Amino acid sequence: MKKSVRGLIITGIILLCLPLVLIVLLILWEIFCVTVNNISGVCQTVGVMNGYSNSADIEVLDNVTFVGNTSGTGNHTEARSTVLVRAKDINELEYRTNGDKYQITSLSEKIPEYKLDRWDRELEMPYENEDCYVVEVYGEVPFPNSIMGH
């Protein structure tokens, strides 16, 4: 009789602790996903900058990496590498840009206010913006459904 009561107590404790263990595992999984996605974003930025380092006509002034939801829909995670460069020829800049989805914006042209505000917060903008471009490269991350995109 004592063995059966003891077995029921142990079973009850396990059943009570099981939700807590599952919650801890879920939290650890999300931390793992966030870490891997951030590493992926930094690797993407380094890859973009390595493409520019092979050219004497391109000077990297500043860069920033953002991993999260870049489109505002709140349902996925992606990486955005923003690189501020000074280049003599935009064709050389396009040729050396690594990435499937990218956008090159000249600082001498009219820029939407929301973009200029974000760039001003993230980057050290040059006083002289002649021949300066902001290159934004968008890429995928290993875990696009992680908590960072929500």
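To start, this report covers the structure provided alongside it. All of these numbers come straight from a predicted model, not from anything done at the bench.

### What about the packing of aromatic side chains?
For step 1, the next point in the chain: The full count for this structure, using the stated rule, is three aromatic pairs.
For step 2, the next point in the chain: Here the aromatic rings of Trp29 and Phe143 are separated by 5.4 Å at their centres, their planes lie at 80 degrees, and the arrangement is edge-to-face. Residue Trp29 is located in helix 1 (residues 2-53), and its partner Phe143 is located in the segment after strand 4 (132-140); the two are separated by 114 residues in the primary sequence.
For step 3, the next point in the chain: Ring geometry for Phe32 versus Phe143: centroids 5.7 Å apart, planes at 65 degrees, classification edge-to-face. With a gap of 111 residues between them, Phe32 in helix 1 and Phe143 in the segment after strand 4 connect regions that are remote in the sequence.
For step 4, the next point in the chain: Under the relative-accessibility criterion, Phe32 is labelled partly exposed at 43%.
For step 5, the next point in the chain: Of the residues examined, Phe143 reaches a relative accessible area of 22% and is grouped as partly exposed.

### Points about the pattern of salt bridges
For step 1, the next point in the chain: Enumeration according to the criterion identifies six salt bridges in this entry.
For step 2, the next point in the chain: Its salt-bridge partner being Glu92, residue Arg96 comes within 2.8 Å of it at the nearest N-O pair. Note that Arg96 and Glu92 are positioned in helix 2 (residues 90-96) at a spacing of four residues, about one turn of the helix.
For step 3, the next point in the chain: Across the pair Glu122 and Arg118 runs a salt bridge whose closest N-O atoms are separated by 3.6 Å. In this pair, Glu122 and Arg118 are both assigned in helix 3 (residues 113-122), four residues apart and thus about one turn of the helix distant.
For step 4, the next point in the chain: Glu122 sits in the partly exposed class, given a relative accessible area of 26%.
For step 5, the next point in the chain: Among the residues examined, Arg118 registers a relative accessible area of 12% and is labelled buried.
For step 6, the next point in the chain: Connected via shared salt-bridge partners are Arg80, Arg118, Glu122 and Glu136.

Calculation rules
Residues numbered from 1 in each chain as written. Predicted model: local features only at pLDDT ≥ 70, side-chain atom pairs only at ≥ 80, totals over all residues. Heavy atoms only, no water. Phe/Tyr/Trp six-rings, centres within 6.5 Å; stacked < 30°, edge-to-face > 60°. Helix = DSSP H or I, 4+ residues; strand = E, 2+ residues; numbered from the N terminus. Buried < 20%, exposed > 50% of the residue type's maximum accessible area, 1.4 Å probe, protein only. Salt bridge = Lys/Arg side-chain N within 4 Å of Asp/Glu carboxyl O.

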